[in-house]
Amino acid sequence: MNDLALLLTSEGRALLDEVRDTDPAQELAVATRLRREHPAELVSAALGQARLRQRAVAKFGAEDARRMFFTPNGVEQSTRASVAAYRAGRMRELGVTSVADLCCGIGGDAIALARAGIRVLAVDRDPRTAATARANAEALGLAGLIEVREADVTEVDTAGYDAVFVDPARRGGRGRIFDPEAYSPPLSWAVAAALGAPRAALKIAPGIPHEAIPAEAEAEWISDGGDVKEAVLWFGTGAPGAVRATLLPGPRTLLGRGLPDPRVRPVGRYLYEPDGAVIRAHLVAEMAEEVGGGLVDETIAYVTADELHPTPYASAYEITDRLPFNVKKLKALLREREVGTLTVKKRGSAVEPEELRRKVKPQGPGSATVFLTRVAGAPTMLIGAPAQTPATAGGAS
Ligand SMILES: C[S@@+](CC[C@H](N)C(=O)[O-])C[C@H]1O[C@@H](n2cnc3c(N)ncnc32)[C@H](O)[C@@H]1O
């Protein structure tokens, strides 16, 4: 019996419950004790699975992670629940009621689609992965909506499904693969599959060059909690060529309007750091227009303005000082202000934030943020603090 089959027996399930909160530091002692009553193979499978479940909490939340099953690759490659739920919601809005999930992995997306009430055919060619996806559908009470098939996606007939979803494998033996043709299956195959279906969504790496996006697709960059998670190419949404940035939680979506690059202007009282999804989607101009701002430098995605306009698409900072880049001057200024907590942000500077922090040795009760950047081509330090918007200033009204 393989690991998963062992864990799915009643003895396996009971053991999984028992080892659920095992501290990795205690694993050896726990294993030695358990081996007196259970087969060694089952004990190591249960401890290994408990470790994977602990790792999966960040993506799936404790409630689901402790009921689900994982493979090491499956935890790493699966879509986090927040992003999968958002995409599944969009599928629903598009009227989709059935999806062929081609490359389902351990089922991160299939689960979210099923929870949105969508019937799913979940396909993966790796036997262990497909079996894990099946176990997850059962563990979460979704087996009635998710049919798992162990097959090569290139041989699956998806006719009859409202949409296809493809999340190709993006990691090879030597770390992440950036060439979309090196995806498994290659992006060109996924695009052809998408064009042959009424609607489709392809999950791809956020670093995809815009030139590689097919003309028929709408491209959406998604971030969660400020971290860019993925790009999605949507087909059949009725908006070919459209670009959007979606920020979770929310969702808050900024739509591209094809604006030209924002003008460069002198640094004002406020600096806006656009969310990574906005930057990847090339929507800094749309964001800048919302706050009436311009760029600090034509090559840098920092927006500056004289006034504070709260926006979900960027973090705003109030700038107190602007200096040419100079470590000694920064050190003196921080000492004078008694800044002990220094946040270093950079765009267009090769300086390592950790190294800078070591050099300036911040000390004191105060805090500040320094932006290392270029202003009109010159290496510059902009010093400030998160802006107090009416919402962050506190005080119930
Ligand atoms: C990025 S993972 C999918 C993760 C999944 N969306 C989730 O959220 O759990 C990609 C999966 O594609 C599978 N795969 C790669 N090429 C395939 C092919 N030609 N046919 C079927 N599955 C394939 C791999 O086995 C892997 O499990």
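Up top is the structure.
Okay, so let's go over this structure.

Criteria and thresholds
- All chains use their own residue numbering, which begins from 1 and follows the written sequence.
- For a predicted model such as this one, the threshold for reporting local features is a pLDDT of at least 70, and the threshold for listing and counting side-chain atom pairs is 80 or more; totals across whole chains, interfaces and linings nevertheless cover every residue.
- Water and hydrogen atoms were dropped before computing side-chain values, which therefore reflect all heavy atoms in the structure.
- Numbering of helices and strands runs from the N terminus, with a helix taken as a DSSP run of H or I at least four residues long and a strand as a DSSP run of E at least two residues long.
- Side-chain atoms alone can form a polar contact between residues adjacent in sequence; in general such a contact is a pair of N or O atoms within 3.5 Å, and within protein one must be able to donate a hydrogen while the other accepts it.
- The contact criterion used is simple: two residues touch if any of their non-hydrogen atoms lie within 4.5 Å.
- Among the buried residues, those of types Ala, Val, Leu, Ile, Met, Phe, Trp, Tyr and Cys that are joined through side-chain atoms within 4.5 Å form a nonpolar core.
- Exposure categories follow from relative accessible area, calculated using a 1.4 Å probe and restricted to protein chains: below 20% of the type maximum is buried, above 50% is exposed, and the middle band is partly exposed.
- For this description, a residue counts as near a given molecule or strand if any of its non-hydrogen atoms is within 4 Å of it.
- Computed by Shrake-Rupley with a 1.4 Å probe, the accessible areas treat only the displayed protein chains as cover when residues are assessed.
- Picture the helix axis, draw a direction to every C-beta atom, and the arc is the one those directions span.
- For Phe, Tyr and Trp, where Trp contributes only its six-membered ring, two rings pair if their centres lie within 6.5 Å, and the inter-plane angle classes them as stacked under 30 degrees, edge-to-face over 60, or tilted in between.
- Strands are labelled as partners when DSSP assigns at least two bridges between them.
- The handedness rule is simple: strands pointing away from the viewer, and a clockwise path from the first strand over the helix to the second, make the crossover right-handed.
- Axes, fitted as lines to C-alpha atoms, cover a helix only where it is in contact. Angles between the N-to-C directions of the axes lie from 0 to 180 degrees.
- Left-handed is the label given to a crossing in which the near helix is rotated counterclockwise from the far helix by less than a right angle, and right-handed is the label when the rotation is clockwise.
- Every angle not falling under 35 degrees, over 145, or within 65 to 115 is termed oblique; those three ranges are roughly parallel, roughly antiparallel and roughly perpendicular.

What follows concerns the side chain of glutamate 286. With respect to the element layout, glutamate 286 can be found in helix 11 (residues 284-291). Polar side-chain contacts of glutamate 286 include one of 2.7 Å to the backbone nitrogen of arginine 257. Ignoring sequence-local partners within four residues, the contact set of glutamate 286 consists of Leu254, Leu255, Gly256, Arg257, Gly258 and Leu259.

Let us look at the nonpolar core. If you look at the biggest cluster of nonpolar residues, it comprises 51 residues, and the most contacted ones within it are Leu202, Tyr272 and Met287. Those residues in contact with leucine 202 that sit more than four places away from it in its chain are Val166, Leu187, Ala190, Val191, Ala194, Ala231, Val232, Leu233 and Phe235. With 39 residues, the next largest nonpolar core counts Val83, Cys104, Leu113 and Ala163 among its residues.

Another point: the site of the ligand. In the vicinity of the ligand there are 22 residues, among which Thr79, Asp109, Asp124, Asp167 and Ser184 approach most closely. Glycine 107 places a polar main-chain atom, nitrogen or oxygen, 3.5 Å from an oxygen atom of the ligand. With respect to the ligand, the side chain of serine 184 contributes an N or O atom lying 2.7 Å from a nitrogen atom. Within the complex, the protein chains bury 93% of what would otherwise be the 600 Å² of accessible surface of the ligand.

Let's shift gears to helix 9 (residues 187-195). Those residues of helix 9 that fall on the buried side of the exposure criterion are Leu187, Ala190, Val191, Ala193 and Ala194. Buried residues in helix 9, looked at end-on, bunch into an arc of 160 degrees, giving them a common side. Summarising the contacts, the buried residues of helix 9 are in contact with strand 4 (163-166), strand 7 (199-204) and strand 9 (227-235).

Further remarks concern the environment of alanine 242. For alanine 242, the location among the structural elements is in the loop between strand 9 and strand 10 (243-248). Relative accessible area serves as the criterion here: at 28%, alanine 242 is assigned to the partly exposed category.

Attention shifts here to the packing of aromatic side chains. Scanning the entire structure with this criterion turns up three aromatic pairs. Ring geometry for phenylalanine 60 against phenylalanine 70: centres 5.6 Å apart, planes inclined by 45 degrees, an arrangement best described as tilted. Placement of the pair is phenylalanine 60 in helix 4 (residues 40-65) and phenylalanine 70 in the loop between helix 4 and helix 5 (72-77), with a sequence separation of 10 residues. The pair phenylalanine 60 / phenylalanine 70 is uniform in exposure class, with both members buried.

Before going further, it helps to spend a moment on the pairing of strand 16 (residues 339-346). Pairing of strand 16 with strand 17 (residues 366-375), which is carried by seven bridges, proceeds in the parallel orientation. Counted as the bridge partner of lysine 345 is phenylalanine 371 from strand 17. At this point the chain moves from strand 16, through helix 13 (residues 353-360), to the parallel strand 17, and the crossover so formed is left-handed.

This part covers the environment of methionine 381. Structurally, methionine 381 can be placed in strand 18 (residues 378-386). By relative accessible area, which is 0% here, methionine 381 ends up buried. Along the backbone, methionine 381 and serine 349 are 32 residues apart, and their C-alpha atoms lie at a distance of 10 Å.

Another aspect to go through is the packing of helix 3 (residues 27-34) against helix 4. The interhelical angle for the contact between helix 3 and helix 4, taken along N-to-C directions, is 145 degrees, at an axis separation of 10 Å. The two elements helix 3 and helix 4 cross, and the hand of that crossing is right-handed. Facing helix 3, whose interface residues are Glu27, Val30, Ala31 and Leu34, helix 4 presents Val43, Leu47 and Arg51.

Here we take up the sheet that holds strand 11 (residues 252-255). Across the sheet, nine strands lie side by side as 3-2-1-4-7-9-8-10-11; this open sheet has mixed pairing. The outermost strands of the open sheet, each flanked by one partner alone, are strand 3 (146-150) and strand 11. Sheet twist, expressed as the average angle between the axes of neighbouring strands with direction ignored, equals 20 degrees. Note: strand 4 against strand 7, four bridges, orientation parallel.

Running from N to C, helix 12 (residues 327-337) and helix 13 point in directions that differ by 60 degrees, and their axes come no closer than 9 Å. In terms of orientation, helix 12 lies oblique with respect to helix 13. Both helix 12 and helix 13 take part in a crossing whose hand is right-handed. Residue-level contacts link Val327, Leu330, Lys331 and Leu334 of helix 12 to Leu356, Lys359 and Val360 of helix 13.

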